[in-house]
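As a plain string of letters, each chain reads:
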Amino acid sequence: MGEGRRKMTRNPRFTKRLLTALTAGLALLGITERSEAQELYLTGPLAGAPAVRKLRLYRRTRFEVAPAVSFSLLDEYQRTILLGARLQFNFTDWLAIGGWGGWGGIRLPTALTDNIQSVNKQRQGLQAGCAANPGGPGCDGVNLTKRLTEVNLGRNLKDQLGGIDWVAAPQITLTPLRGKLALFQSIYMDTDFYISAGPAFVGLKERKNCDPCAGQFTTVSRTTVAPTVALGLSFYMNKWAALGFEYRVLPFAWNIGGFDTAGGGKDNNFPDNKITDADQRFRFNQMMTVSFNFYLPTQYKVSE
Amino acid sequence: MKKSCIGLLMAALGAIPVTGFAQVKVGAKAEAGATLDADAEGADAKADAKAEGDTAAAGEGDLGAEGEGVGDICKIDPAACPVLDMKKEAARPIKESIYAVQQLYVMRARRFEFEPWWNLRSLNDQFVQHTGPGIAVNYYITNVLAIGANFRYYSPFNDDSAFNGQVRRAARVAVPLTEYEWGASLDFSYVFAYGKFAGFGDFIFEYDAYVLGGVGALSTRPIAVIDPDNRNFEYKPKLAFDVGIGLRVFFSRWFALNVAVKDYGYPEKLENLNVNEVNPGDSRNWLASSSSLTQNVELQAGLSVFVPFSFDYRLPK
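Residues numbered from 1 in each chain as written. Chains lettered and ligands numbered in written order. Predicted model: local features only at pLDDT ≥ 70, side-chain atom pairs only at ≥ 80, totals over all residues.

## Some remarks on the overall build of chain A
Here is step 1 of the chain: Within chain A, the secondary structure is distributed over four helices and 14 strands.
Here is step 2 of the chain: Here chain A, with 304 residues, has 29% of them falling under the buried criterion.
Here is step 3 of the chain: Counting only contacts in chain A whose residues sit at least 6 apart along the sequence, the fraction spanning at least 24 positions is 66%. (Helix = DSSP H or I, 4+ residues; strand = E, 2+ residues; numbered from the N terminus. Buried ≥ 20, exposed ≤ 12 C-beta atoms within 10 Å, placed from the backbone. Contact = placed C-beta atoms within 7 Å.)

## Things to note about the overall build of chain B
Here is step 1 of the chain: From N to C terminus, chain B includes five helices and 10 strands.
Here is step 2 of the chain: By residue count, 23% of the 317 residues in chain B fall in the buried class.
Here is step 3 of the chain: Taking all contacts inside chain B whose residues are at least 6 apart in sequence as the whole, residues at least 24 apart take part in 61%.

## Structural notes on the environment of B:Thr220
Residues and elements named next belong to chain B.
Here is step 1 of the chain: Take Thr-220: it is sitting in strand β7 (residues 203-223).
Here is step 2 of the chain: Residues Thr-220 and Glu-179 lie 41 residues apart in sequence; the distance between their C-alpha atoms is 5.7 Å.
Here is step 3 of the chain: Apart from the residues lying within four places of it in its own chain, the contact partners of Thr-220 are Thr-178, Glu-179, Tyr-180, Glu-181, Tyr-235, Lys-238 and Glu-268.

## Details of the pairing of strand β8 (residues 236-250) of chain B
All names here are of chain B.
Here is step 1 of the chain: Of the pairings in the sheet, the one linking β7 to β8 comprises 15 bridges and is antiparallel in character. Note that in β8 the partner of Glu-206 across the bridge is Phe-250.
Here is step 2 of the chain: Alignment of β8 against strand β9 (residues 255-268), held across 10 bridges, turns out to be antiparallel. Residue pairing across strands places Gly-246 opposite Ala-260, the latter belonging to β9. (Pairing = 2+ DSSP bridges.)

## What about the nonpolar core?
Among soluble globular proteins, nonpolar side chains are generally buried collectively.
Here is step 1 of the chain: Membership of the largest hydrophobic core comes to 22 residues, with the highest contact counts inside it found for A:Val167, A:Ala200, A:Val202 and B:Ala171.
Here is step 2 of the chain: Elements with a minimum of two residues in this core: α3 (111-132), β5 (163-183) and β6 (187-207) of chain A together with α5 (162-171) of chain B.
Here is step 3 of the chain: Other than its neighbours up to four places away in sequence, A:Val167 contacts A:Leu82, A:Gly101, A:Gly102, A:Ala200, A:Val202 and A:Leu250.
Here is step 4 of the chain: Counting eight residues, the second-largest nonpolar core is a separate cluster that includes B:Val106, B:Val191, B:Tyr210 and B:Leu212. (Core = buried A, V, L, I, M, F, W, Y, C linked by C-beta atoms within 7 Å.)

## A short note on unusual backbone geometry
Here is step 1 of the chain: With an omega dihedral of -5 degrees, the bond running from A:Leu296 to A:Pro297 counts as a cis peptide bond.
Here is step 2 of the chain: Cis geometry is adopted by the peptide bond preceding B:Pro308, which originates at B:Val307 and carries an omega value of 0 degrees.
Here is step 3 of the chain: Assignment of secondary structure puts B:Pro308 in the segment after β10 (292-307).
Here is step 4 of the chain: Even without a glycine there, the phi angle at B:Arg110 is positive, about 60 degrees.

## Thoughts on the confidence of the model for chain A
Residue and element names in this part refer to chain A.
Here is step 1 of the chain: Predicted confidence across chain A gives a mean pLDDT of 85, with 83% of residues reaching 70 or more.
Here is step 2 of the chain: For the stretch residues 1-9, pLDDT sits under 50, and the model shows three contacts to residues farther than four places along the chain or on other chains.
Here is step 3 of the chain: Here residues 30-42 is modelled with pLDDT under 50, and outside its nearest four sequence neighbours on either side it reaches seven contacts, counting other chains as well. (pLDDT = per-residue confidence, 0-100.)

## What to know about the packing of α3(A) against helix α4 (residues 139-149) of chain A
Residue and element names in this part refer to chain A.
Here is step 1 of the chain: Contact geometry for α3 and α4: axes closest at 10 Å, N-to-C directions at 120 degrees. Considering the angle they form, α3 stands oblique to α4. Crossing hand, α3 versus α4: left-handed. On the side of α3, the interface is formed by Arg-123, Leu-126, Gln-127 and Cys-130, while α4 contributes Cys-139, Val-142, Asn-143, Thr-145 and Lys-146.
Here is step 2 of the chain: Taken together, the residues that form the contact of α3 with α4 break down as four nonpolar, three polar and two charged. (Axes fitted to C-alpha atoms, helices over the stretch in contact; angles between N-to-C directions. Parallel < 35°, antiparallel > 145°, perpendicular 65-115°, else oblique. Left-handed = near helix turned anticlockwise from the far one by under 90°. Nonpolar A, V, L, I, M, F, W, Y, C, P; charged D, E, K, R; others polar.)

## Quick word on the confidence of the model for chain B
Residues and elements named next belong to chain B.
Here is step 1 of the chain: Here chain B averages 77 in pLDDT, and 73% of its residues register 70 or above.
Here is step 2 of the chain: Residue range residues 15-68 is modelled with pLDDT below 50. Its contacts to residues more than four positions away, or to other chains, number 36 contacts.
Here is step 3 of the chain: For this predicted complex, the interface confidence score (ipTM) comes to 0.71, while the overall pTM stands at 0.69.

## Some details on the environment of A:Ile256
Residues and elements named next belong to chain A.
Here is step 1 of the chain: By the element assignment, Ile-256 lies in the loop between β9 (252-254) and β10 (263-264).
Here is step 2 of the chain: For Ile-256 and Gly-162, which are 94 residues apart along the polypeptide, the C-alpha to C-alpha distance reads 4.4 Å.
Here is step 3 of the chain: In this structure, Ile-256 is in contact with Glu-76, Tyr-77, Leu-161, Gly-162 and Arg-281, ignoring residues within four places of it in sequence.

## Topic: the pairing of β10(B)
Residues and elements named next belong to chain B.
Here is step 1 of the chain: The pairing of strand β1 (residues 112-122) with β10 spans eight bridges and is antiparallel. Within β10, the position partnered with Phe-114 by the bridge is Val-305.
Here is step 2 of the chain: Where β9 meets β10, 14 bridges bridge the pair, whose relative direction is antiparallel. In the strand pairing of β10, Phe-255 is matched with Val-305.

## A word on α5(B)
All names here are of chain B.
Here is step 1 of the chain: Three or more residues of α5 are buried, namely Gln-166, Val-167, Ala-170 and Ala-171. Along α5, the residues classed as buried sweep out an arc of 100 degrees about the axis, all on the same side.
Here is step 2 of the chain: Phi turns positive, to about 55 degrees, at Arg-172, one or two residues after α5. (Arc of directions from axis to C-beta.)

## What about the environment of A:Val290?
Residues and elements named next belong to chain A.
Here is step 1 of the chain: Among the structural elements, Val-290 can be located in strand β13 (residues 286-296).
Here is step 2 of the chain: Residue class for Val-290 comes out partly exposed when judged on the 14 C-beta atoms lying within 10 Å of it.
Here is step 3 of the chain: If sequence neighbours within four positions are ignored, Val-290 has contacts with Ala-68, Val-69 and Phe-245.

Next up, the structure:
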């Protein structure tokens, strides 16, 4: 028996198998111990728990009515202030469908517009003088300037500028991020970050196409469709109200100054003494919106 | 093959102590906690510990201290002896204070912040975009207050918009333009808000918001548009003030995305709108007679790297 055992242990194949099995066993033992440590974590009291408990669901199954004021950014000739609102229904805490719209009734000219109009008015005075006395000093230059600008400048530049009359944008809103904010280490607010996107119907006023254009500075309205994307933050002040800040882009092409800037020459990049669609310039049309958001019903739900 | 098996066996044996170490470490932490508790309980525990040995002291010290303390009061004044109904006490509702941010994710005090960024856009200049790289170094004196310096380089990145040429051609009106070379400033920054966001209720990240203000220099020059044939301007540094507001989103305790809007204000002498037709090359007539306050609002995006990378909390969580 003992001899038999000795023989077996001396068997190189058996030794090899034994060592392999022992190695695998010990290795498995080592791995198992580590795995158990992980299992403890996975099956512990926090296993499967949400990142946040007792979450205040400010949006879930609530209507949102948000009167808003939007201010256009980086305007060359005039700033537009849109008075409007965002209305939406929040199906979940992160998905809402609704719309944003505004009326662009308030327009403020920029310093560039004032500057051009100031020069324009000065020229009109000189031109009147030269019309009365064509051979007067400097009238050659005045008449040349008149000829070069007669397609582009009317009596008042402000009357030919393009403007946004209204915007209506059905949109989907996703709220991927929500959290809380400690302000000056003493005021605590719930807050969220959202992205809205959809098509926007934009009512525009811009200079009417013309050929010839001297003395033709009337404006017409048209509607264009453009994509719109907004990024925003909501700061909740109580269960039913929040303050909102939103950045929005409305990219489309339009003739903001009513100038002839394109349509002729190489690549249509030179003036052609006509106002056409070629004079419309692509802009991102950025704006900042401040809103006061009301949530209905006034009581929010709370997660587990 | 036999040797390889022995090698594998040794490797497997080597793996066991690794796991063991991890367990010992957990235990060691627990012991350390017990020692701290015993120290905190008071001198009575230490006195007992001396008599009965260190090992026993950790266990008996706590009990002895509490037991003797209550017992002494009861012996001296039985009326003052505290009587607690444990069931009643257990049923009492507890209003535990919960802070919005239990333990700040990032401690900034006595750490440096290196902040490379790119000026993405001039937010208030439709005519010339002043983009370019910048870098700031801040030192946090406290957790919310820092002093720092920054440098910005604009020179090759000034972008004179095609819009300027179109206006000049259409209206025969030239707008004086300015381009920048570099800027530098010393700033104080104050972290006025911090918080955390949950993404789809699944992951959490931390952020903070800060304001800053400071003083420095901005090297600028006009772009010759009124009389470009004769005028050629040199860069000159001007005193500049800056204020700004920023947001940091932390990916780790030392690494964050940093977005800021900063306004640099400085006195600028624009190009003279009038040309001296007698001597247009006289540089004394190239600039306007008075300075005007110019604001340049920039949108900057970059990274924040806090050094040292790690830190210790003063109190346990």
